[in-house]
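One letter stands for each residue in the lines below.
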Amino acid sequence: MNRESYTRRRNALRERLKGWVLLLGHDEAARNYGGNPYPFRQNSHVLYYSGMTRPGVALLLDMESGRDRLYGPKDCVEDVVWHGAQPTLAELAEGAGIEDVRSITQLRSDLRDIGDPLHYPPPYRGETCLRLMELRDSSADEIRRGVSKDLALAIAASRNQKDEAEIAQIEEALGITAAMHQAAMAMTRPGLLESDVAAEIQRIALSKSRAQSYTPIVTVHGEILHNVTYEGELEAGRLLLNDSGAESVLGYASDITRTFPVSGTFNERQRAVYEIVLRAQKECIQRIAPGVRYREVHLHAARVIAEGMKDLGLMRGDVDDAVTEGAHALFFPHGLGHMLGLDVHDMEDLGEDVVGYEPGQERSEQFGLGYLRCARSLESGMVVTCEPGIYFIPALIDQWEAEGRHRSFIDYETLRSWRDFGGIRIEDDVLCTDEGHRILGPSIPKEIADIEAAMQG
Ligand code: GLY
Ligand code: MN
């Protein structure tokens, strides 16, 4: 990314909005006290519109004149003493194509001088909300009411469309992610702990000076969808689910899931369920193309899964009816995927529906389908994850059975011997192209034979 691309992105906002746009960068976030912060990660909108990685900056974008401003902390020698040589604020601004550089202490009075409207995105950190309250002399309630839906829609319209440089960033992240996943397969064997595999995954990213794009999920309890504890033992006979991804140098995410047997060989039941998930994933990827609604692709995954569960004797009745009623969601309780970009769930800070739903497109209230983060019609340039899964969640099974839910579609009796199966998810990152789609990044084993071969090292 260079100054021209950042300027082009800010100009694209000018075509959609009037007034001013305020984008607050992140401050350092205290871990237990101010001097011991979490690793710094900049706000993604600030990254997208300026590439600015310094804490404590703000962008004030003038939608009329195009004379955008960067506000930031004064350059001082103490920063060099503690953190080493840094580019000056003016040099950073130059790299983003911004000429007007001001002290952050001036922002409050400048905001009083400029006209309305002032657009800002929803603050998702308490600190950002407090800064907005101070800057605008407003209560938290007033700040929440003042969030600009027009800005959210304008940002989502731009950021949903990835250009070549952004795709290259996602693929750079996927290069590291492929190494993380291959290493996890190669080292997995009975007797290790989940934490051994989680550590290796993070070591590989760190050895390339890269962060994780989210907290890795490395678990023999794949049925716990976002399980981020690593205490479990890798026991022969169980499956290990690895959902992890690295971040690129400019902060772009990757998000990959593979599931494989601890022993190195799938047993009969694992093979049967894995083949259903794999078929759902491959058929869904095949359907990705401009103009296709991702909600329909999700429902295709639901049908493949319901059909597969019927073949295993765990579901019964008409598959289409079962999916319409939501009975499959006992096994597939989440959405097929989400947008991917600078954020792993791209731009969810703007609101999931702003990013993944079209205006007027209703979000389902049905259990399962209601978790679908991306339902909209796809366009060339969008990147989505495709991540169907099948899970056996004892607490959910017990609750549904006790309530007699979907009794005509689910064979609770046969299900009893499957309770401890765990879960399987397979996830790739897919670019929607003019021609249809392209799976991003290097290929990572996902056919059963390829996984078993990768596990033999
Ligand atoms: N990688 C976790 C998720 O997509 O929710
Ligand atoms: Mn994902």
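Structure shown above.
Owing to the predicted nature of the structure, the values given are computational and were not obtained by experimental measurement.

(A) Structural detail: the overall build of the protein. What the protein contains, in helices and strands, is 17 helices and 13 strands. Compactness check: the protein gives a C-alpha radius of gyration of 24 Å against a globular reference of 23 Å for 457 residues, within 12% of the reference. For the protein, the C-alpha atoms occupy an extent of roughly 70 × 50 × 45 Å along the three principal directions. For the protein, long-range pairs separated by at least 24 residues make up 74% of all intrachain contacts whose partners lie at least 6 apart in sequence.

(B) Spotlight on the coordination of the manganese ion (ligand 2). Only Asp-255 (OD), His-338 (NE2), Glu-387 (OE) and Glu-427 (OE) from the protein reach the manganese ion (ligand 2) as donors, at distances of 2.0 to 2.3 Å. Each donor residue of the manganese ion (ligand 2) lies on the same chain, and together they follow the pattern D-x82-H-x48-E-x39-E. Taken together, the positions of His-338 in the loop between helix 13 (319-325) and helix 14 (352-356) and Glu-427 in the loop between strand 11 (423-425) and strand 12 (428-432) put the pair 89 residues apart, joining distant regions of the chain. Each member of the pair, His-338 together with Glu-427, is buried.

(C) Representation of the sheet that holds strand 9 (residues 383-386) in the model. The strand order across the open sheet formed by 3 strands is 9-12-13, and the pairing between neighbours is antiparallel. Of all the strands in the sheet, the pair left with one neighbour each is strand 9 and strand 13 (437-439). The sheet shows a mean angle of 35° between the axes of neighbouring strands, taken without regard to direction.

(D) Structural detail: the side chain of Asp-68. Within the element layout of this structure, Asp-68 appears in the loop between strand 2 (58-62) and strand 3 (69-72). A distance of 2.8 Å separates a polar atom in the side chain of Asp-68 from a polar atom in the side chain of Arg-14. Within polar-contact distance, the side chain of Asp-68 engages the backbone nitrogen of Asp-62 at 3.0 Å. Those residues within four positions of Asp-68 in sequence are excluded, and the remaining contacts are Arg-10, Arg-14, Leu-60, Leu-61, Asp-62, Ile-98 and Asp-100.

(E) Structural view of the environment of Arg-438. Here Arg-438 lies in strand 13. When its relative accessible area of 35% is taken as the criterion, Arg-438 is described as partly exposed. Taking the C-alpha atoms as reference points, Arg-438 and Ala-289, 149 residues apart in sequence, are found 9.7 Å from one another.

(F) Layout of the environment of Gly-115. Inspection of the secondary structure assignment puts Gly-115 in the loop between helix 5 (107-113) and strand 5 (118-119). Taking the relative accessible area as the measure of exposure, Gly-115 reaches 39% and is therefore partly exposed. Taking the C-alpha atoms as reference points, Gly-115 and Gly-19, 96 residues apart in sequence, are found 7.1 Å from one another.

(G) Expanded view of the site of ligand 1. For ligand 1, the full set of nearby residues is Tyr-214, His-226, Asp-243, Asp-255, His-338, His-345 and Glu-387. The side chain of Asp-243 places a nitrogen or oxygen atom 3.0 Å from a nitrogen atom of ligand 1. Within the side chain of His-345, one N or O atom sits 2.9 Å away from an oxygen atom of ligand 1. Its free accessible area being 200 Å², ligand 1 has 92% of it covered by the protein chains.

(H) Region of the structure containing a nonpolar patch on the surface. Together, Val-77, Val-80, Val-81 and Trp-82 make up a nonpolar patch on the protein surface, roughly 480 Å² of accessible area in all. Structurally, Val-81 is set in helix 3 (residues 77-83).

(I) The arrangement of the packing of helix 11 (residues 268-287) against helix 17 (residues 448-455) in detail. Taken N-terminus to C-terminus, the directions of helix 11 and helix 17 make an angle of 120°; their axes are 11 Å apart at the nearest point. The orientation of helix 11 with respect to helix 17, classified from their angle, is oblique. Packed against helix 11, whose contacting residues are Arg-271, Tyr-274 and Glu-275, the element helix 17 presents Ile-448, Ile-451 and Glu-452 at the interface. Of the residues belonging to the contact of helix 11 with helix 17, the class tally is 3 nonpolar, no polar and 3 charged.

(J) Structural view of the packing of helix 9 (residues 164-187) against helix 10 (residues 194-207). At a minimum axis separation of 9 Å, helix 9 and helix 10 run at an interaxial angle of 150°. With respect to each other, helix 9 and helix 10 are oriented roughly antiparallel. Regarding helix 9 and helix 10, the two cross each other, and that crossing is right-handed. For the pair helix 9 and helix 10, contact is made by Ile-176, Ala-179, Met-180, Ala-183, Ala-184 and Met-187 and by Asp-196, Val-197, Glu-200, Ile-201, Ile-204 and Ala-205, respectively. When grouped by side-chain class, the residues that make up the contact of helix 9 with helix 10 number 10 nonpolar, no polar and 2 charged.

(K) Region of the structure containing the sheet that holds strand 2. Spatially, 5 strands are ordered 4-3-2-1-5 in an open sheet, and the strand pairing comes out mixed. Each of the sheet's edge strands pairs with one partner strand only, and the pair in question is strand 4 (100-103) and strand 5. Taken strand by strand, helix 6 (residues 126-136) contacts strand 1 (20-24), strand 2 and strand 5, and its axis lies near 140° from that of strand 1.

(L) Looking closely at the pairing of strand 12. Counting buried positions over the 5 residues of strand 12 gives 5, a clear majority of the element. Here strand 12 shows a buried face lined by Asp-428, Val-430 and Cys-432 and a second buried face lined by Asp-429 and Leu-431. Where strand 9 lies against strand 12, 4 bridges are found, and the strand directions are antiparallel. Each bridged residue has a counterpart across the sheet, and for Val-384 the counterpart in strand 12 is Val-430. Bridging between strand 12 and strand 13 involves 3 bridges; their strand directions are antiparallel. When the bridges of strand 13 are listed, Cys-432 appears paired with His-437.

(M) Representation of helix 1 (residues 3-14) within the structure. Taking 1.5 Å per residue as the helical rise, helix 1 with its 12 residues ought to reach 16 Å, and the 17 Å between its terminal C-alpha atoms agrees with that figure. The complete set of buried residues in helix 1 reads Ser-5, Tyr-6, Arg-9, Arg-10, Leu-13 and Arg-14.

Cut-offs applied
- Residues numbered from 1 in each chain as written.
- Chains lettered and ligands numbered in written order.
- Predicted model: local features only at pLDDT ≥ 70, side-chain atom pairs only at ≥ 80, totals over all residues.
- Heavy atoms only, no water.
- Helix = DSSP H or I, 4+ residues; strand = E, 2+ residues; numbered from the N terminus.
- Rg over C-alpha atoms; globule rule 2.2 N^0.38 Å.
- Contact = heavy atoms within 4.5 Å.
- Donors = N, O, S within 2.8 Å, 3.2 Å for Na, K, Ca; no water.
- Buried < 20%, exposed > 50% of the residue type's maximum accessible area, 1.4 Å probe, protein only.
- Pairing = 2+ DSSP bridges.
- Axes fitted to C-alpha atoms, helices over the stretch in contact; angles between N-to-C directions.
- Polar contact = N/O pair within 3.5 Å; in protein donor to acceptor, adjacent residues only side chain to side chain.
- Near = heavy atom within 4 Å.
- Areas by Shrake-Rupley, 256 points an atom, 1.4 Å probe, with all protein chains shown as cover.
- Patch = residues over 30% accessible without salt bridge, like charges linked within 9 Å, V, L, I, M, F, W, Y side chains within 5 Å.
- Salt bridge = Lys/Arg side-chain N within 4 Å of Asp/Glu carboxyl O.
- Parallel < 35°, antiparallel > 145°, perpendicular 65-115°, else oblique.
- Nonpolar A, V, L, I, M, F, W, Y, C, P; charged D, E, K, R; others polar.
- Left-handed = near helix turned anticlockwise from the far one by under 90°.
- Expected span 1.5 Å × (residues − 1).

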